[in-house]
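Chain by chain, the residues run as shown.
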Amino acid sequence: MRRREIIFMVGAALLPLTSRAQSRGTMRRIVMYSATEPLDSMHENSYNRYIRALFAEMRRLGLVEGKTIKIERYGRETGEVTSKATIAAIVDSKPDIIFCVGAGAVFTRATNTIPIVALAIDPVREGLVKSLAHPGGNITGVSFSPEVPIHAKRIALLREMFPALHKLAFLGTRPVLDDQFSAVREAADAQRIQSTSCLIDEPTSEAIYQSAIAKAKDEGANGVMVALDGPPFVDHVVVAKQIAAAGLPAIYPFAEFVAAGGLMSYATDLVELNRRMASDMQVILSGTNPGDIPFYQATRFELFINLKTAKALSLAVPATLTAAADELIE
């Protein structure tokens with residue numbers, strides 16, 4: 001009896017250590033990948049409110065870094081972040097989930113087994129899936145696709161703010177101009193506003209922004225719509241600064257531009273989308289095939305207005321816009 005008691009006591013003493021070791025060994029691993037987001041913002045206490053929302057929802061769902069999950073980050077400063085070698089290294093490490101911003105196609109080409117949760121502009125047009133409702137394969141996530149049809153809404157909002165708008169410059173890189181400018185022109189024509197494309201060459205620099213915006217102004221543009229684009233618009237401050245220096249009213253695709261001094265933005269609510277991606281990860285880690293989870297389309301949009309910038313441009317903000325705004329920045 002005494003020998004059995006000793007064995008039981010030793011076993012009981014060792015059990016917590018064994019459990020902890022098992023927990024460490026089975027902790028699920030998530031790779032967070034964004035070629036445009038700074039590494040220091042990819043955390044629970046991020047200065048980026050969208051990423052804070054992502055982590056808050058993950059925590060609410062039980063995905064807590066260091067307790068139930070591990071996270072490896074690949075951000076803007078990661079050396080060769082977009083290289084084939086980096087992508088291959090991520091895939092070869094066999095994480096439980098790859099969470100990626102704007103790089104869904106890169107990872108679907110690299111793996112057809114590791115679950116991918118992606119933020120994409122239009123997953124169907126990008127060739128990620130054949131159907132939003134039934135993605136199939138190993139990918140799901142959220143879609144920005146409503147952004148493309150709302151060109152008309154953005155133009156109307158800018159015109160309401162700036163009734164003298166008569167020629168609009170659409171600012172973007174070659175891929176986005178090729179993809180979206182015809183829709184912008186159609187939306188502008190419907191409102192009897194001329195339009196012109198404003199090409200941003202890559203790799204970009206402040207001088208390239210300055211030159212492109214100055215050229216558009218010289219050609220008669222008196223307003224700007226900034227395209228929903230990728231890496232070229234990482235530096236919101238530079239873009240807003242150069243447009244302000246040209247004295248042009250502009251509407252932007254993200255609230256960050258307005259916080260950086262841009263006039264106004266009408267954009268998808270990225271808090272909503274990030275919460276949805278957190279839910280996707282939780283469901284996948286619970287055993288659901290990502291291909292069985294529909295891609296989520298944005299349903300809510302936000303209007304931000306910078307009152308200080310409006311004043312600098314000698315614009316009186318209409319009461320209708322003030323009432324409609326989700327946030328007024330002073």
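Residues numbered from 1 in each chain as written. Predicted model: local features only at pLDDT ≥ 70, side-chain atom pairs only at ≥ 80, totals over all residues. Heavy atoms only, no water.

**Points about the overall build of the protein chain**
Item 1. Summing up its helical and strand segments, the protein chain has 12 helices and 13 strands in all.
Item 2. Classification of the 330 residues of the protein chain by burial places 49% in the buried group.
Item 3. Within the protein chain, residue pairs in contact and separated by at least 24 positions form 68% of the contacts whose partners lie at least 6 positions apart.
Item 4. Here the protein chain has roughly 16000 Å² of accessible surface; of this, 54% comes from carbon and sulfur atoms.
Item 5. For the protein chain, the separation between the mean place of its 35 positive charges and that of its 35 negative charges on side chains is 7 Å. (Helix = DSSP H or I, 4+ residues; strand = E, 2+ residues; numbered from the N terminus. Buried < 20%, exposed > 50% of the residue type's maximum accessible area, 1.4 Å probe, protein only. Contact = heavy atoms within 4.5 Å. Areas by Shrake-Rupley, 256 points an atom, 1.4 Å probe, with all protein chains shown as cover. Lys, Arg positive; Asp, Glu negative; His and termini not counted. Charge placed at Lys NZ, Arg CZ, Asp CG, Glu CD.)

**A short note on the packing of aromatic side chains**
Item 1. Under the defined criterion, the tally for this structure stands at five aromatic pairs.
Item 2. On the numbers, 6.2 Å between centres and 75° between planes, the contact of Phe144 with Phe254 is edge-to-face. With Phe144 in the loop between strand 5 (139-143) and helix 5 (151-161) and Phe254 in the loop between strand 9 (250-252) and helix 9 (255-259), this pair connects stretches of sequence that are 110 residues apart.
Item 3. Owing to a relative accessible area of 16%, Phe254 belongs among the buried residues under this scheme.
Item 4. Look at Phe170 and Phe181: their rings are 6.4 Å apart centre to centre, the planes differ by 20°, and that puts the pair in the stacked class. (Phe/Tyr/Trp six-rings, centres within 6.5 Å; stacked < 30°, edge-to-face > 60°.)

**Concerning the nonpolar core**
Item 1. Ranked by size, the top nonpolar core spans 55 residues in total, and within it Ile30, Leu54, Met58, Leu171, Ile243 and Met281 carry the most contacts.
Item 2. When residues in this core are grouped by element, the largest group, eight residues, is from helix 10 (residues 270-285).
Item 3. Discounting residues that sit within four places of it in the chain, Met281 has contacts with Ile30, Leu54, Met58, Leu63, Ile97, Phe99 and Val117. (Core = buried A, V, L, I, M, F, W, Y, C linked by side-chain atoms within 4.5 Å.)

**Thoughts on the side chain of Ser143**
Item 1. Assignment of secondary structure puts Ser143 in strand 5.
Item 2. In terms of polar contacts, Ser143 uses its side chain to reach the backbone carbonyl oxygen of Ile121, at 3.4 Å.
Item 3. Discounting residues that sit within four places of it in the chain, Ser143 has contacts with Ala120, Ile121, Asp122, Pro123, Phe295, Tyr296, Gln297 and Ala298. (Polar contact = N/O pair within 3.5 Å; in protein donor to acceptor, adjacent residues only side chain to side chain.)

**A word on the packing of helix 5 against helix 6 (residues 174-190)**
Item 1. At their nearest, the axes of helix 5 and helix 6 sit 9 Å apart, and the two run at 50° to each other. Classified by the interaxial angle, the pair formed by helix 5 and helix 6 is oblique. Note that helix 5 runs across helix 6; the crossing there is right-handed. Contact residues: helix 5 offers His151, Ala152 and Ile155, while helix 6 offers Gln180, Ala183, Val184, Ala187 and Ala188.
Item 2. Taken together, the residues of the contact of helix 5 with helix 6 sort by class into six nonpolar, two polar and no charged. (Axes fitted to C-alpha atoms, helices over the stretch in contact; angles between N-to-C directions. Parallel < 35°, antiparallel > 145°, perpendicular 65-115°, else oblique. Left-handed = near helix turned anticlockwise from the far one by under 90°. Nonpolar A, V, L, I, M, F, W, Y, C, P; charged D, E, K, R; others polar.)

**Overview of the packing of helix 2 (residues 49-60) against helix 10**
Item 1. Where helix 2 meets helix 10, the axes come as close as 8 Å, and the angle between the chain directions of the two elements is 35°. Here helix 2 runs over helix 10; the crossing is right-handed. In this structure, helix 2 contributes Arg49, Tyr50, Ala53, Leu54, Glu57 and Met58 to the contact, and helix 10 contributes Leu270, Val271, Asn274, Arg275, Met277, Ala278 and Met281.

**What to know about the sheet that holds strand 1 (residues 28-34)**
Item 1. Across the sheet, which stays open at both edges, the six strands sit in the order 2-1-3-4-5-11 with parallel pairing between neighbours. Each edge of the open sheet carries a strand with a single partner, namely strand 2 (69-74) and strand 11 (296-297).
Item 2. Summarising the sheet, strand 5 and strand 11 pair through two bridges and their orientation is parallel. Counted as the bridge partner of Val142 is Tyr296 from strand 11.
Item 3. Across the sheet, helix 3 (residues 84-92) lies against strand 1, strand 2 and strand 3 (97-101), angled at about 165° from strand 1, the strand it touches most.
Item 4. Most of the contacts of helix 10 go to strand 4 (residues 116-120), to which it runs at about 165°, and overall it touches strand 1, strand 2, strand 3, strand 4, strand 5 and strand 11. (Pairing = 2+ DSSP bridges.)

**Things to note about the pattern of salt bridges**
Item 1. Within the structure shown, the criterion is met by 15 salt bridges.
Item 2. Ionic pairing is found between Asp178 and Arg174, a salt bridge with its closest N-O pair at 3.5 Å. Here Asp178 pairs with Arg174, and both are found in helix 6, just four residues apart, close to one helical turn.
Item 3. Under the relative-accessibility criterion, Arg174 is labelled partly exposed at 44%. (Salt bridge = Lys/Arg side-chain N within 4 Å of Asp/Glu carboxyl O.)

**Details of helix 5**
Item 1. The complete set of buried residues in helix 5 reads His151, Arg154, Ile155, Leu157, Leu158 and Met161. Taken end-on, helix 5 shows its buried residues confined to a sector of 160°, consistent with a single buried face. (Arc of directions from axis to C-beta.)

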